Amino acid sequence: MSGPLRPPPQDPWVLTFQGFDAEDEGRREALCAVGNGYLVTRGAAPESRADGVHYPGTYLAGRYDRAVSTIDGHRVENEDLINCPNWLPLTFRAADAQAWFGEDPTTRVVSQRLELDLRFGVLTRDALIADAADRRTRLVQRRIASLADPHIVALETVLTPENWSGLLHVSSALDGTVTNTGVARYRSLVGRHLTPAGQGHDAETLWLRVRATGSPLQIAVASRTRLLRDGAAIEVEPAFETQTGRPAQVFTVDAVAGRPVTVEKTASLYTSRDPAVDDPQPAAVRAVSRAGPFAALLRAHATRWAQLWRRFRTEAQFTDRAGETNAVHLHLFHTAQTYSEHTVDLDAGMPARGWHGEGYRGHIFWDELFVLRTLNLRVPEISRAVLRYRHRRLDAARQAALDVGRRGAMYPWQSASDGTEQAPRTHLNPMSGRWLPDRTHLQRHVGLAVAYNTWQYYQATGDLDFLNTAGAEMMLEIARFWADTACYDPTMERYRIRGVMGPDEYHDAYPWADRPGIDDNTYTNVLASWVLARALDTLDALPGYRREELIERLDVDPEERDRWRTVARRLHVPFHDGVPSQFAGYERLAELNWEQYRRRYPNNRRLDRILEAEGDSVNRYKASKQADVLMLYYLFPAREIRDLLRRLGYPAGHELAQRTVDYYRTRTVHGSTLSSVVHAWVLARTDRRRSWRYFRDALGGDVLDVQGGTTAEGIHLGAMAGTVDLLQRCYTGLDTRGDVLWLDPRLPARLGHLQVELCYRGHWGVVVTVGRRTATVSLRPGRQGSIPVGFRSSVVEIPPGGSHTFTL
């Protein structure tokens, strides 16, 4: 990138990979993916195909397909995020070379450097290529997924012969023969989701249409390839190759040593589900035909990224390692390009692994619980769109509740296109090679997360219109489900919630029971109590006419509301050893020999797989994959947890939080990247040094691939956004409650200064600056009213254009 857009060396806004490492290529492809909210293209080399090292992939937000497979004689139906037609294929060779670069094993990459410019969303590759005759060609490529036009992607390739002259062949193709094979443990399942449905070309344009095999979805991609030398077009007629599903153009030009040949490939993708599109194929052709040259596309793209970064401005002064700044920028970058303004109208959820690969089949879990906490105060329109995705699937959640004999709405653990449960019923343990029952659909707490997200969005934005039209309906139906699920135990004089799974994900049954699920998961029961109370608060927040309409429409009579109040105050919370039990009966489980297992398995993050492969079961032990009870201290301040427990009738002193954290921290293996985020948060007030260590672990989750190969399947979006939120809200002590923006900073020793720019209740440009001794809140000038900002026990009004500094 020329001019001021080129970052200086060692810029913390640049992710760099030097050389080529076949074993690490998958991780690099995921981390170097470029996207714009409509699509994401992995950072695979344009000349590559899926071969066990490389895995080209382009994924469109929320575009799934169903396929049926047979496993051990059982019919298995899965819905997968589609690996869409590959727009990238571009390669070259000298006229008398035997094969194309990427297909000829005698052609080698002498040197290579990858740079992902996070500031402007540009992936640059600089490589020196030598063929069998030692003809050396310098290859420099720049790639973007346009943030200015979400349907446009572009690749600029500059080829400079260094020690040879002669005829140069360049091949540019579209590949609709791709399959879903990016996750090894899924490869025994059907992976072909596309079938060719037409292709064609004109003088400079290729187009390809495909149909999904298990749905009516159609996808079209068109590309335009132009060659230039010294800034002027090279007039050359391409030859065309018409292999079904993989059309290609081949250009032949004179190559002169030392004189670059520039190849500009611009592509456009559309689907039959896109708004305001009748037929995706002519739409794609029109878009690519009117697209400007690469330089113009890059300028417009860079401008939009500069604007977006103003919305996400986060300045953190780390006192020891510059790499932490780079990781924060990387996490912000992937969060911003996964779900952007271009996703808002697409009816897409928040994917756990981004749109960066096929991990978790591209499904929607509960990860928005971690992502929306960041977005509510940055780009609230995106949070609203994610919640709209859930509201559109409210009827599916109602039906799911009816299917298990309950009223209200039961949201699925895994969601995709239509809101039905997509959690598999079997899963493979790659350590034992056995297919095992999968009971994760019992994680019904995902509905509680939807309700929590709805209320937190309203607190951060004051968006009464959303609460009126969608939020309140979800809140009430989710509350109804949990009130109906809770059953009264007269021996305890308490309500109980049975047969579920908690966030831990390890414990799906009691070792002494013949039924799946566990009872009275503390996280589930306490959060259900909170949701029931907030549902009643939601009704109070609505205008009178709307409240009456909703009560009438949903038939929420006074008796039902009284039951909500009763259940909210009488849910059972089990305790043992002076701490809340993860679930009823937890105290009966055995203690694992942690010293032995940590010695035998230094990486024990998947302890469940280790034990199963040994013929044992994690259900027998007090061991957690990730934070479970501690999730409550992630969602709420310790003060509010004490209030919740006391309202339920349980004594809760100030020492309970520390005692609970200490107990479960030593029994957690952090088998999820989310776990380090939660532990960093809950320790921030009591053990800042240990909190910082967990924060750094979370920063390295994908950069260091701490899960041992999973980053190649897609980034971990919840953990990435969660690390940003640790800076944005945890270490600043930001909280939105009671119509006040609260502040109570606790900076770790390794964080010298922190500044974030937020949007709070329609006020754009709320700047929070935290140092060692002071915290300042400033508002940009505007026409809105003042905002109340609370610091510990005092509240001050800050007008537009004003600021206030608090002494710490």
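None of the values given here were measured: they were computed from a predicted structure. (Residues numbered from 1 in each chain as written. Predicted model: local features only at pLDDT ≥ 70, side-chain atom pairs only at ≥ 80, totals over all residues. Heavy atoms only, no water.)

K.L.:
Quick question: what am I supposed to make of the overall build of the protein chain here?
P.N.:
Along the protein chain, the regular secondary structure elements total 20 helices and 34 strands. Radius of gyration (C-alpha) of the protein chain: 27 Å, near the 28 Å computed for a compact globule of 808 residues. Dimensions along the principal axes, computed over C-alpha positions, put the protein chain at roughly 90 × 70 × 60 Å. In the protein chain, the proportion of contacts linking residues at least 24 apart, taken out of those at least 6 apart, comes to 69%. Per element, the accessible surface of the protein chain, about 29700 Å² overall, is 48% carbon and sulfur. Between the centroid of the 101 positive side chains of the protein chain and the centroid of its 98 negative side chains there is a distance of 4 Å. (Helix = DSSP H or I, 4+ residues; strand = E, 2+ residues; numbered from the N terminus. Rg over C-alpha atoms; globule rule 2.2 N^0.38 Å. Contact = heavy atoms within 4.5 Å. Areas by Shrake-Rupley, 256 points an atom, 1.4 Å probe, with all protein chains shown as cover. Lys, Arg positive; Asp, Glu negative; His and termini not counted. Charge placed at Lys NZ, Arg CZ, Asp CG, Glu CD.)

K.L.:
Before we go on, may I ask you to explain helix α17 (residues 656–665) in this structure?
P.N.:
What sets the pattern is the α-helix's 3.6 residues per turn: residues three or four places apart point alike. Of all 10 residues in α17, 7 are buried; the element is thus mostly enclosed. Of the surrounding secondary structure, the elements contacted by the buried residues of α17 are β25 (575–576), β26 (579–580), α15 (631–635), α16 (638–647), α18 (673–682) and α19 (688–703). (Buried < 20%, exposed > 50% of the residue type's maximum accessible area, 1.4 Å probe, protein only.)

K.L.:
Any chance you could explain helix α20 (residues 717–730) here in plain terms?
P.N.:
Here α20 spans 18 Å end to end across 14 residues, near enough to the 20 Å set by a 1.5 Å rise per residue. Along α20, the sharpest kink reaches roughly 30 degrees, centred on V724. Counting buried positions over the 14 residues of α20 gives 14, a clear majority of the element. (Expected span 1.5 Å × (residues − 1). Bend = angle between axes of the 7 residues up to and from the residue.)

K.L.:
It is not clear to me how the sheet that holds strand β12 (residues 166–173) should be interpreted in this structure. Could you clarify?
P.N.:
For sheets, the rule is that strands pair by backbone hydrogen bonds, running either parallel or antiparallel. With antiparallel pairing, 4 strands are arranged side by side in an open sheet as β7-β12-β18-β17. The strands lining the two open edges of the sheet, one partner per strand, are β7 (90–94) and β17 (239–243). On average, adjacent strands in this sheet sit at an angle of 20 degrees to one another, irrespective of strand direction. Taken together, the 5 bridges between β17 and strand β18 (residues 246–255) define a ladder with antiparallel strand orientation. Paired with T242 across the two strands is P247, which belongs to β18. (Pairing = 2+ DSSP bridges. Axes fitted to C-alpha atoms, helices over the stretch in contact; angles between N-to-C directions.)

K.L.:
Could you clarify how one ought to interpret the packing of aromatic side chains in this entry?
P.N.:
Here the distance between the centres and the angle between the planes together describe a pair of aromatic rings. One pass over the full model with this rule turns up 31 aromatic pairs. Aromatic side chains W13 and W309 sit 4.7 Å apart centroid to centroid with 80 degrees between the ring planes, which places their arrangement in the edge-to-face category. Of this pair, W13 sits in the segment before β1 (14–18) while W309 sits in helix α3 (residues 294–311), and the two are 296 residues apart along the sequence. Each of the two residues, W13 as well as W309, counts as buried. What links up through ring pairs into an aromatic cluster is the set Y360, F365, W366, F370, W413, Y523, Y634 and W681. One cation-aromatic arrangement involves R93 over W100; the distance from NZ or CZ to the ring centre is 4.7 Å. Sitting above the plane of the Y663 ring, R667 keeps its charged end 3.8 Å from the centroid. (Phe/Tyr/Trp six-rings, centres within 6.5 Å; stacked < 30°, edge-to-face > 60°. Lys NZ or Arg CZ within 6 Å of the ring centre and 35° of its normal.)

K.L.:
Can you walk me through empty space enclosed by the protein in this structure?
P.N.:
Any space left empty among the atoms is revealed by the rolling of a water-sized probe across them. Under the criterion given, the structure shown has 5 cavities of 30 Å³ or more. Looking at the largest cavity, its volume works out to about 100 Å³. For the largest cavity, the lining is made up of 13 residues, of which F92, R93, A94, T107 and D131 are closest to its centre. Going through the elements one at a time, β7 and β9 (122–130) are the ones with two or more residues in the lining of the largest cavity. Per element, the largest residue contribution to the lining of the largest cavity is 3 residues, and it comes from β7. The class makeup of the residues in the lining of the largest cavity is 8 nonpolar, 2 polar and 3 charged. The space that makes up the second largest cavity amounts to roughly 80 Å³. Within the lining of the second largest cavity, the residues separate by chemical class into 4 nonpolar, 4 polar and 3 charged. (1 Å grid on protein atoms, 1.4 Å probe; cavity = no way out; pocket = protein on both sides within 12 Å on 5 of 7 lines; lining within 4 Å. Points joined across faces, edges and corners; volume = space filled by probe spheres on them. Nonpolar A, V, L, I, M, F, W, Y, C, P; charged D, E, K, R; others polar.)

K.L.:
What is the right way to read the nonpolar core from this model?
P.N.:
Within soluble globular proteins, side chains that are nonpolar generally end up buried alongside one another. Grouped together as the largest cluster of nonpolar side chains are 217 residues, with contacts concentrated most on W366, M631 and Y731. No other element matches the 12 residues that helix α9 (residues 464–485) contributes to this core. Ignoring any residue separated from it by four or fewer positions in sequence, one finds Y731 in contact with A680, A684, S691, W692, F695, L726, P745, R746, L747, P748, L751 and L754. Membership of the second largest hydrophobic core comes to 19 residues, among which are I144, I152, A220 and A302. (Core = buried A, V, L, I, M, F, W, Y, C linked by side-chain atoms within 4.5 Å.)

K.L.:
I keep staring at the layout of surface pockets and nothing clicks. Help me out?
P.N.:
Put simply, the second largest pocket is a space of about 1200 Å³. As for the second largest pocket, its lining consists of 49 residues, and the residues nearest its centre are F636, P637, R639, E640 and D735. With 7 residues, the top contributor of residues to the lining of the second largest pocket is α16. Considering only residue class, the lining of the second largest pocket consists of 23 nonpolar, 10 polar and 16 charged.

K.L.:
Before we go on, may I ask you to explain the packing of α18 against α20 in this structure?
P.N.:
The geometry of a pair of packed helices is captured by two quantities: the angle between their axes and the separation between those axes. Remark: α18 packs on α20, axes separated minimally by 8 Å, with the N-to-C direction vectors making an angle of 10 degrees. Classed by the angle they form, the pair α18 and α20 counts as roughly parallel. The segment α18 lies against α20, with T673, L674, V677, A680 and W681 engaging G718, A719, G722, T723, D725, L726, R729 and C730. Across the contact of α18 with α20, the residue classes tally to 7 nonpolar, 4 polar and 2 charged. (Parallel < 35°, antiparallel > 145°, perpendicular 65-115°, else oblique.)

K.L.:
Please clarify how the pattern of salt bridges should be interpreted in this entry.
P.N.:
This structure, assessed with the given rule, holds 65 salt bridges. R66 is paired through a salt bridge with D418; the nearest N and O atoms lie 3.3 Å apart. Taken as a pair, R66 in strand β5 (residues 64–71) and D418 in the loop between α7 (394–403) and β21 (426–429) lie far apart in primary sequence, 352 residues in all. For R66, a relative accessible area of 24% corresponds to the partly exposed category. Each of D395, R398, R407, E473, E477, R480 and E560 takes part in a single network of salt bridges with overlapping partners. (Salt bridge = Lys/Arg side-chain N within 4 Å of Asp/Glu carboxyl O.)

K.L.:
Explain the environment of R66 here, please?
P.N.:
Along the sequence, R66 and V122 sit 56 residues apart, while their C-alpha atoms lie 33 Å from each other. In terms of polar contacts, R66 uses its side chain to reach the side chain of E79, at 3.5 Å. Here the side chain of R66 touches D418 through a polar contact of 3.3 Å, side chain to side chain. (Polar contact = N/O pair within 3.5 Å; in protein donor to acceptor, adjacent residues only side chain to side chain.)

K.L.:
Mind showing me how you'd approach the packing of α19 against α20 here?
P.N.:
Taken N-terminus to C-terminus, the directions of α19 and α20 make an angle of 150 degrees; their axes are 9 Å apart at the nearest point. Looking at the two axes, α19 sits roughly antiparallel to α20. Crossing angle aside, the handedness with which α19 passes α20 is left-handed. Residues F695, A698, L699 and D702 of α19 form the contact with α20, whose own contacting residues are M720, T723, L726 and L727. Grouping the constituent residues of the contact of α19 with α20 by class yields 6 nonpolar, 1 polar and 1 charged. (Left-handed = near helix turned anticlockwise from the far one by under 90°.)

K.L.:
Any chance you could explain the sheet that holds strand β30 (residues 763–770) here in plain terms?
P.N.:
What the 5 strands build is an open sheet, ordered β20-β29-β30-β31-β34; its pairing is antiparallel. Both edges of this open sheet fall to β20 (314–318) and β34 (803–807), since each of them pairs with a single strand only. Strand after strand, the sheet turns through a mean of 15 degrees between neighbouring axes, direction not considered. Bridge analysis of β30 against strand β31 (residues 774–779) gives 5 bridges, and the strand direction is antiparallel. Paired with V768 across the strands is V777, a residue of β31. Against the sheet, α20 touches β20 and β29 (751–760), its axis set at about 90 degrees to β29.

K.L.:
It is not clear to me how the pairing of strand β14 (residues 205–212) should be interpreted in this structure. Could you clarify?
P.N.:
The side chains of a regular strand alternate, residue by residue, between the two faces of the sheet. β14 sits mainly inside the fold: 6 of its 8 residues count as buried. Pairing of strand β13 (residues 194–201) with β14, which is carried by 7 bridges, proceeds in the antiparallel orientation. Within β14, the residue paired with Q199 across the bridge is L208. Hairpin connection between β13 and β14: a loop of 3 residues separates the two successive antiparallel strands. Here 7 bridges tie β14 to strand β15 (residues 218–229), and the two strands are oriented antiparallel to one another. For L206, the partnering residue across the bridge sits in β15 and is S223. Counting the residues in the hairpin turn of β14 and β15 gives 5 residues.

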